[in-house]
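These are the residues of each chain, in order.
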Amino acid sequence: MRVTPCQAALAGAIGLNLLLLYCAWRGPGGSAPSCRPPRGVPGVTVLLRDFEDFENDLAGTARSFASLPVPVLVVAETAPYPPVPLPEGVGLLPLRPAIDRPPPLAHPELHVRTRHVALVPDGTRAVPGLLERMRDALEEGAGDTRLVAAPVGTTPLRCLELRLEPRAWTARYGPGTPGVCRAVEGTAVLLLRTRDLFALPFPLARPAPTALFVQAAFRGWGLRLMPAAFPAARRPPVSPHGRWKAENLAENRRRRLMRDLGIKREVLADGRERWYGCGKETARCFGTVHARTPQYLLAGRWTPPCCLRALRETARHVTATLESAGVRYWLEGGSLLGAARLGDIIPWDYDVDLGIYREDLGKCRWLAAAAAGEPVEDTEGFLWEKATEGDFYRVHYSRSNRLHVDLWPFYPRGGVMTKDTWVGHPQDVEFPESFLRPRVPMPFAGFTAMAPNNARAFLELKFGP
């Protein structure tokens, strides 16, 4: 009987499904070999992940740990260049896919067969029995203990608390205690269960310690410190060019990691901040807003903190410019609501609204230039332009970053403030000019802005009781 290509393909698919069912049934508890990689082999696999291709101690570190003996894997996107003479038995695990590479290498977890794994920094020297003691400390620890850290060198590790605020895109570090430790400061060997490592979404991201600490804190994992230390290798000082290159690579890796982890700001234990989001020279962190609902809200998050920082800076600059030019302005809509509730921008808002007297437009040279139809960049890099949607104005954080303050020109008519452009917002309504006679100062976004004299009544007129 002649078999058609369609029949052959169908038969192959049925056979593959039968094989998968057989694997699931017999392994790992059946007597037949499991189709999954074994996870029950005692021992610790050493992963060498954090090293540079230049001026490294990779060969010495690999040789030291391979002498214990334990399995040692050098994990990198590609083979180190210039080539490193690795000791016999030390494997190389390239992570970057290649067209001529067998498929299993795309799955690093298939190459770790021990129950535990240790991430060892470059320049560390092995101590017989210390990995096993770390493993025992992990297995004897409290229920939430999933990581064990041991220092490298003579400098002790500093225990840190790490609190994640996913909705605010923020990671906060603070002084920790041995019982409440989520991260460490200092060079460390990190040991954890293999199944825990490869259950993480970014198991081998760099820098490895930060990647592990953040992902572990998100899951509520505890970290235990070991008093015993691994020696650090004696190495010649890194050249100035090598130091510069390493610092730049480390900064780029950290930025890429924070982007992948959804973190825009780190608040360090000493109060300093690291920012990873948008700035003056970049585009803003979110795209076009549809139906007045930004994408980050649908993802359960608030406005990225870098965007709120840019909005605060833009609002401060615009109000100061208007005041110095004699332009009468006031907080409008959701910005006034944020000022009344919080003294700040509402955490999920994406612009700032100000009302202005239309007759004052000519007093501000930037507004006058924008009204003439030409976007104009002021001396501090803020871009003033007339909006394409109607008779109002926008001041952008920069030409690249379009976070903005909207300026709505109102004019009095029979004691009522009105304007020529209405955008359909429920709160976009006329109001008595008496709310502006006089205007009053109100704390907003770290400075003092002008506002209607009865904010509550004004807001109830706009938004309802």
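Everything quoted here is computed from the prediction, not taken from an experiment.

A. Quick look at the nonpolar core. Membership of the largest hydrophobic core comes to 59 residues, with the highest contact counts inside it found for Leu322, Leu354, Leu367, Trp384, Leu407 and Phe444. Sort the elements by how many residues they give to this core and helix 8 (residues 305-325) lands first, with eight residues. Setting aside residues no more than four positions away along its own chain, leucine 354 makes contact with Val318, Thr319, Leu322, Tyr329, Trp330, Leu331, Glu332, Val405, Asp406, Leu407 and Trp408. Cys181, Val184, Ala188 and Leu190 belong to the second largest nonpolar core, which has 40 residues in total.

B. Looking closely at the domain arrangement of the protein chain. On domain assignment, one finds that the protein chain holds domain 1 (41-225) and domain 2 (305-463). For domain 1 and domain 2, the distance between their C-alpha centroids amounts to 51 Å.

C. How the structure looks around empty space enclosed by the protein. For the structure shown, the criterion picks out one cavity of 30 Å³ or more. What the largest cavity holds in volume is close to 70 Å³. Every residue along the wall of the largest cavity is listed here: Leu47, Arg49, Asp50, Leu119, Val120, Pro121, Ala188, Leu190, Ala208 and Pro209. Elements with a contribution of two residues or more to the lining of the largest cavity: strand 9 (188-193) and helix 5 (208-218). Within the lining of the largest cavity, the residues separate by chemical class into eight nonpolar, no polar and two charged.

D. Structural detail: the packing of aromatic side chains. Summed over the entire model, instances satisfying the criterion amount to 13 aromatic pairs. For the ring pair phenylalanine 65 and phenylalanine 230, a centre distance of 6.0 Å and an interplane angle of 40° mean the geometry is tilted. Of this pair, phenylalanine 65 sits in helix 2 (residues 58-66) while phenylalanine 230 sits in the loop between strand 10 (222-225) and helix 6 (240-261), and the two are 165 residues apart along the sequence. Here the aromatic residues Trp330, Tyr357, Phe410, Phe431, Phe435 and Phe458 are joined through ring pairs into a cluster of three or more. Directly above the ring of tyrosine 397 sits lysine 280, whose terminal nitrogen or CZ lies 4.5 Å from the centroid. The ring of tryptophan 422 is capped by lysine 419, whose NZ or CZ atom sits 4.4 Å from the centre of that ring.

E. Seen up close, the side chain of aspartate 428. Tracing the backbone shows aspartate 428 in the loop between strand 19 (416-418) and strand 20 (431-432). Taking the relative accessible area as the measure of exposure, aspartate 428 reaches 16% and is therefore buried. A distance of 2.9 Å separates the side chain of aspartate 428 from the side chain of lysine 419, its partner in a polar contact. A polar atom in the side chain of aspartate 428 sits 3.0 Å from the backbone nitrogen of valine 423. Among residues more than four places away in sequence, those in contact with aspartate 428 are Lys419, Thr421, Trp422 and Val423.

F. Structural context of the pairing of strand 21 (residues 440-444). Sheet topology note: the strand 21/strand 22 (residues 447-451) ladder contains five bridges and is antiparallel. Residue valine 440 lies in a different strand from strand 22, and its bridge partner there is alanine 451.

G. Summary view of the packing of helix 5 against helix 6. In the contact formed by helix 5 and helix 6, the axes pass within 11 Å of each other and the chain directions differ by 20°. The angle between helix 5 and helix 6 falls in the class roughly parallel. In terms of crossing hand, the pair formed by helix 5 and helix 6 is right-handed. Mapping the contact onto sequence places Thr210, Ala211, Val214 and Gln215 in helix 5 and Arg254, Leu257, Met258 and Leu261 in helix 6. Classifying every residue of the contact of helix 5 with helix 6 gives five nonpolar, two polar and one charged.

Definitions and cut-offs
Residues numbered from 1 in each chain as written. Predicted model: local features only at pLDDT ≥ 70, side-chain atom pairs only at ≥ 80, totals over all residues. Heavy atoms only, no water. Core = buried A, V, L, I, M, F, W, Y, C linked by side-chain atoms within 4.5 Å. Buried < 20%, exposed > 50% of the residue type's maximum accessible area, 1.4 Å probe, protein only. Helix = DSSP H or I, 4+ residues; strand = E, 2+ residues; numbered from the N terminus. Contact = heavy atoms within 4.5 Å. Domains from an automatic or database assignment. 1 Å grid on protein atoms, 1.4 Å probe; cavity = no way out; pocket = protein on both sides within 12 Å on 5 of 7 lines; lining within 4 Å. Points joined across faces, edges and corners; volume = space filled by probe spheres on them. Nonpolar A, V, L, I, M, F, W, Y, C, P; charged D, E, K, R; others polar. Phe/Tyr/Trp six-rings, centres within 6.5 Å; stacked < 30°, edge-to-face > 60°. Lys NZ or Arg CZ within 6 Å of the ring centre and 35° of its normal. Polar contact = N/O pair within 3.5 Å; in protein donor to acceptor, adjacent residues only side chain to side chain. Pairing = 2+ DSSP bridges. Axes fitted to C-alpha atoms, helices over the stretch in contact; angles between N-to-C directions. Parallel < 35°, antiparallel > 145°, perpendicular 65-115°, else oblique. Left-handed = near helix turned anticlockwise from the far one by under 90°.

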